[in-house]
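Remarks on the overall topology
So you can see what is in the structure, the chains are spelled out below.
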Amino acid sequence: ASIMSLSVAIYLGASALVQLISGPISDHIGRRPVILISLVLFICASLAIIWAPNAETFLTLRFVQAFAATTVVLARAVVRDTVGENTAASKIAYVTMGMAVAPMIGPGIGGYLEKYFGWQSIFLLLAGLGVCIFILTWFDLGETAPKRKTTLPNQIIEYKQLLKSQRFWGYCLASALGSGSFFIYLGGGPFIGTEIFDLSPEQLGLYFGAPAAGYFVGNFLSGRCSERFGVDAMVFSGLGFTSLGSALSLIVSYSGYGSSLSFFGFMCFVGFGNGTTIPNATAGMLSARPNLAGTASGLGSAIMIGGGAALSALAGTLVSIDTGEIPLLWLMEFSAVLGISIMLLVTQRQRKLAAQKRRTDAQNHPTE
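Residues numbered from 1 in each chain as written. Predicted model: local features only at pLDDT ≥ 70, side-chain atom pairs only at ≥ 80, totals over all residues. Heavy atoms only, no water.

Quick word on the overall build of the protein chain
Each helix and strand counted, the protein chain has 14 helices and zero strands in total. Whereas a compact globule of 368 residues would reach a radius of gyration of roughly 21 Å, the protein chain reaches 22 Å, a difference of no more than 12%. Across the protein chain, contacts joining residues at least 24 apart in sequence account for 85% of those joining residues at least 6 apart. In the form shown here, the protein chain has an accessible surface area of approximately 18000 Å², with 69% of it arising from carbon and sulfur atoms. Across the protein chain, the mean location of the 22 positive side-chain charges is 14 Å away from that of the 18 negative side-chain charges. (Helix = DSSP H or I, 4+ residues; strand = E, 2+ residues; numbered from the N terminus. Rg over C-alpha atoms; globule rule 2.2 N^0.38 Å. Contact = heavy atoms within 4.5 Å. Areas by Shrake-Rupley, 256 points an atom, 1.4 Å probe, with all protein chains shown as cover. Lys, Arg positive; Asp, Glu negative; His and termini not counted. Charge placed at Lys NZ, Arg CZ, Asp CG, Glu CD.)

As structure tokens, then:
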């Protein structure tokens, strides 16, 4: 059981690695071929797992399955290839809203399939879904990345420009810190629910999903409002709601009225904040260097997952029966407030650059 439990960890770790390499490759040869090749690998691995003769083969094929992460990264890049920054934020929000549904319904479907048809049926369904996406991509998705003739050395130089971009790192860190509050909740929330508030497994499952509802609504709001209010305003509001959720929970806990209802209920604000922050910060990242949208998407996603994993592990070490939920909430609040501080620096820099551009334009085109 301990060896097979590595299945999820290997899949997630491989996903982060795949996201790092698939973006740069797609910037060089195009989105369409990378997506199609990745789907072929995913389909073949999903079918091969059904006949895996031992644990080693099973885990190796799970690693190969992680090439499916390419579709997540490049879907956002495709959006940014085809529309402007604010419109991209709106469309990415609708994409992530759909993605938010998957973890809500996936475990239930998987549990049903395993119970009535065996674990192999799960991977048969995944392979079938992969085939459907392959067919849709083959017939419907044209190439969206502009044709490029840059050599590999020149492409590496361009990557260095992305890594030096303050705009990219500003939105990247804002997204990572905003989602960090949610990862902190993931790391300590189950312990708080079972050990502090004595919830049964069934109750914990019901309460624990509260942020998912908020996330879904936040994505929907971003889809409707990002074009109107702009990326920066939406990121600020999202981080504000994330901070508000942990702050209200802290106030209730310090007043002595903390409960499972207050703790998990206020996490809806955190989920809502994430649903508003992530798609808009992602659009900001991809706009830092539009010609490297794939690279920016992969790198930003990998940083968010890696940072979230570290914060989740840290959260697990902070909570105990003696401390209760308060250390967890303080860490969540610190992460959200730090994200707001990063965005303040981003907007301050953008105002400064805009002012410099106005002065330059005035000097180049003086009025009579």
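Let us keep going from here.
Quick notes on the nonpolar core
Formed by 26 residues in total, the largest nonpolar core has its most connected members in F168, Y171, V231, V235, A283 and M343. The set of elements that each furnish at least two residues to this core consists of α5 (85–117), α7 (152–163), α8 (166–196), α11 (231–254), α12 (260–288), α13 (293–318) and α14 (326–364). Residues contacting M343, with those up to four places away along its chain left out, are Y171, A174, D232, V235, F236 and L239. Residues F197, L204, L331 and M332 belong to the second largest nonpolar core, which totals 18 residues. (Core = buried A, V, L, I, M, F, W, Y, C linked by side-chain atoms within 4.5 Å. Buried < 20%, exposed > 50% of the residue type's maximum accessible area, 1.4 Å probe, protein only.)

Some remarks on the confidence of the model for the protein chain
For the protein chain, per-residue confidence averages 84 on the pLDDT scale, and residues scoring 70 or more make up 92% of the total. Ranking the helices and strands of the protein chain by mean pLDDT puts helix α6 (residues 120–140) first, with 94, and α7 last, with 69. (pLDDT = per-residue confidence, 0-100.)

Considering α8
With 31 residues, α8 ought to run about 45 Å at 1.5 Å a step, and its terminal C-alpha atoms sit 42 Å apart, in line with that. Just beyond α8, the residue with positive phi is D198, at close to 55°. (Expected span 1.5 Å × (residues − 1).)

What about the packing of α8 against α12?
Interhelical geometry of α8 versus α12 gives an angle of 155° and a closest axis separation of 8 Å. With respect to their mutual orientation, α8 and α12 come out roughly antiparallel. The handedness of the crossing between α8 and α12 is left-handed. Taken together, the residues that form the contact of α8 with α12 break down as 15 nonpolar, 10 polar and one charged. (Axes fitted to C-alpha atoms, helices over the stretch in contact; angles between N-to-C directions. Parallel < 35°, antiparallel > 145°, perpendicular 65-115°, else oblique. Left-handed = near helix turned anticlockwise from the far one by under 90°. Nonpolar A, V, L, I, M, F, W, Y, C, P; charged D, E, K, R; others polar.)

Brief notes about unusual backbone geometry
For D198, which is not glycine, the phi dihedral falls at a positive 55°. Tracing the backbone through its elements, the reader meets D198 in the loop between α8 and α9 (201–208). Judged by its relative accessible area of 61%, D198 is exposed.

Brief notes about the pattern of salt bridges
For the coordinates displayed, the defined rule picks out one salt bridge. Across the pair D81 and R31 runs a salt bridge whose closest N-O atoms are separated by 2.8 Å. Of the two residues, D81 sits in helix α4 (residues 69–82) while R31 sits in helix α2 (residues 31–49), which places them 50 residues apart along the sequence. Of the residues examined, D81 reaches a relative accessible area of 21% and is grouped as partly exposed. (Salt bridge = Lys/Arg side-chain N within 4 Å of Asp/Glu carboxyl O.)

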